[in-house]
Amino acid sequence: IVMTEEIPKIKIIDAKNFVGKTVTIGAWLRQKRGSGKIAFLQLRDGTAFFQGVVAKADVSEEVFETAKSLKQETSIYVTGEIHEDARSSFGYEMAVSDIKVIGESHDYPITPKEHGTEFLFDERHLYLRHLKPFATLKIRNTLVAATYEFFNKEGFTKLDAPVLTGSAPEGTTELFETDYFGEPAFLSQTGQLYAEAGAMAFGKVFTFGPTFRAEKSKTRRHLTEFWMIEPEMAFMDQEESLKLQERYIAFLISKVLENNDQELDILKRDKDLLRSYTQLPYPRVSYDDAVKLLQDNDFDVEWGVDFGSPEETFLANHFAKPVFIVNFPKAIKPFYMKRHKTRDDIVVSADLLAPEGYGEIIGGSERDTDYDYLKNEIEKLGLNMDEYAWYLDLRKYGSVPHSGFGLGLERMVTFVTGEEHIREAIPFPRMTNRLRP
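A brief report on the enclosed structure follows.

Reading the values: the criteria
Residues numbered from 1 in each chain as written. Predicted model: local features only at pLDDT ≥ 70, side-chain atom pairs only at ≥ 80, totals over all residues. Heavy atoms only, no water. Helix = DSSP H or I, 4+ residues; strand = E, 2+ residues; numbered from the N terminus. Buried < 20%, exposed > 50% of the residue type's maximum accessible area, 1.4 Å probe, protein only. Contact = heavy atoms within 4.5 Å. Areas by Shrake-Rupley, 256 points an atom, 1.4 Å probe, with all protein chains shown as cover. Lys, Arg positive; Asp, Glu negative; His and termini not counted. Charge placed at Lys NZ, Arg CZ, Asp CG, Glu CD. Phe/Tyr/Trp six-rings, centres within 6.5 Å; stacked < 30°, edge-to-face > 60°. Lys NZ or Arg CZ within 6 Å of the ring centre and 35° of its normal. Core = buried A, V, L, I, M, F, W, Y, C linked by side-chain atoms within 4.5 Å. Polar contact = N/O pair within 3.5 Å; in protein donor to acceptor, adjacent residues only side chain to side chain. Pairing = 2+ DSSP bridges. Axes fitted to C-alpha atoms, helices over the stretch in contact; angles between N-to-C directions.

This paragraph deals with the overall build of the chain. Within the chain one finds 13 helices and 18 strands. By its C-alpha atoms, the chain is 85 × 55 × 40 Å across when sized along the principal axes. Here the chain holds 437 residues, and 51% of them are scored as buried. Taking as baseline every contact in the chain between residues at least 6 positions apart, the subset at least 24 positions apart corresponds to 66%. By element, 49% of the accessible surface of the chain is carried by carbon and sulfur atoms, the whole surface being about 20,700 Å². Of the charged side chains in the chain, 54 are positive and 70 negative, and the gap between their average positions amounts to 4 Å.

Summed over the entire model, instances satisfying the criterion amount to 28 aromatic pairs. Seen from their ring centres, F150 and Y248 are 5.2 Å apart, and the 35 degrees between their planes marks the pair as tilted. Of the two residues, F150 is situated in helix 4 (residues 131-153) and Y248 in helix 6 (residues 238-259); the sequence distance between them amounts to 98 residues. The exposure classification of F150 matches that of Y248, with both residues buried. These aromatic residues form a ring-pair network of at least three members: Y148, F150, F151, F156, F206, F208, W227, Y248, F251 and F405. The side chain of R33 reaches across the aromatic face of F40, ending 4.3 Å from its centre. The ring of Y373 carries the charged tip of R339 above its face, separated from the ring centre by 3.7 Å.

Another point: the nonpolar core. Side chains that are nonpolar tend, in soluble globular proteins, to be buried together. In this structure, I249, I253, M412 and F415 are the most contacted members of the largest nonpolar core, which totals 43 residues. In terms of residue count, the dominant contributor to this core is helix 6 (10 residues). Other than its neighbours up to four places away in sequence, M412 contacts L143, I249, L252, I253, I361 and L407. Grouped together as the second largest cluster of nonpolar side chains are 27 residues, F18, V23, L41 and Y92 included.

Moving on, we get to the environment of H402. Of note, H402 is situated in strand 18 (residues 402-408). When near neighbours in sequence (up to four residues on either side) are disregarded, H402 contacts E196, M200, E232, M233, A234, F235, M236, E366, R367, T369 and R395. Within the structure, H402 has its side chain in polar contact with the side chain of E196 (distance 2.7 Å). Looking at H402, its side chain comes within polar contact range of the main-chain oxygen of V400, at 2.9 Å.

Let us look at the pairing of strand 18. Across the 7 residues that make up strand 18, a large majority, 7, are buried. Two strands pair when backbone bridges link them, and strand 13 (residues 225-234) and strand 18 are joined in this way by 5 bridges, in the antiparallel orientation. Its bridge partner being in strand 18, M233 is matched across the sheet by S403. Inspection of the sheet shows strand 17 (residues 359-366) paired to strand 18 by 5 bridges, in the antiparallel sense. Its bridge partner lying in strand 18, I362 is registered against L407.

Strand order in the open sheet formed by 8 strands is 8-12-13-18-17-16-15-14, with mixed pairing between adjacent strands. The sheet is open, and its two borders are formed by strand 8 (157-158) and strand 14 (284-286), each paired with just one other strand. Pairing geometry for strand 8 and strand 12 (residues 204-212), over 2 bridges, is parallel. Bridging across to strand 12, K158 finds its partner in F206. Sitting on the sheet, helix 4 touches strand 8, strand 12, strand 13 and strand 18, and the angle it makes with strand 12 is about 155 degrees.

This is the structure:
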């Protein structure tokens, strides 16, 4: 709160601390309605939304005419007394006594009428100001802050993995290639291999940054640029990792419930349902049993295939909470995953599936530590051995059992907010058909 002479300048979110007092708020006009004697100004300032009431009988003619002439998204300073308002979702409003125009707005393109999705994302730089994206991205911010809080409490070190790499960490060809001073380089699809190096130095690390996939997928769960949180833990087996993962998810949801009450209301998200997802532990179901469960419920799936959206939705909804599917077939997982002790056809891995149709939000595994095995797998995939020599070094100099996982931030945002499409979960989405704004 910044004090200016006698009247304090505050944020809307702090209005509850100034009931009965006169304050000034810098805001934008969302909408306006009224009659000949009163004007209702719907205001926002980046912290919250509330209403300013301008009564003709209580203000000068100049102030009332200013209120009547304001256009959508004009920026203003409004001064007035804060009152409690039980009818408002925010709980407070302002009896306006003065208005000063800062920046005028004319012909704002996003009017209160219905607009198509493509139009709104063409105008994303403006659409961010509106209720739904505001609420969604404020929750995203809580998830980011809670991520740092959780891993700091758990004794992790933040490790920054490079965005430009010389190799494909997961052996895929779906990468964005660029010229790096005459040699090919790629936008990173994961920070995991670098996190493994970090874990051997610091014990427990996490990377958090943008990752890129050039797959031409147009589903509601895929972006070409997204943010990943990728912890890696030395001296940790898979079961210990799963316990960490479920604590992490429950912590994130709890923080949103604690800090984003208004935003969840804006999005009409069921808070009791979210609260149920904080109850631990989450079920663990083997891939084998998951296939059988699907087959018993008339899904046409065979052992060895990766699950698609319908299968993931059914499995998570069947348990009515996040569920771990463990020990996937080796053939459908990356080369670095640890082989199972008693079976050659599966690896020690797990995907965490979210209910309500949100699918996989975490993928992880215990990592294989056998130098010769990993070298052979890299060769079988036809990858450039020179690009992986440093990674193999991690198995030569004091290798230890270690595990890790990756959480897609945008998928977590859609799950917590109840949004249907992942494009809503990032400020400026990048998809196969969208590079602007």
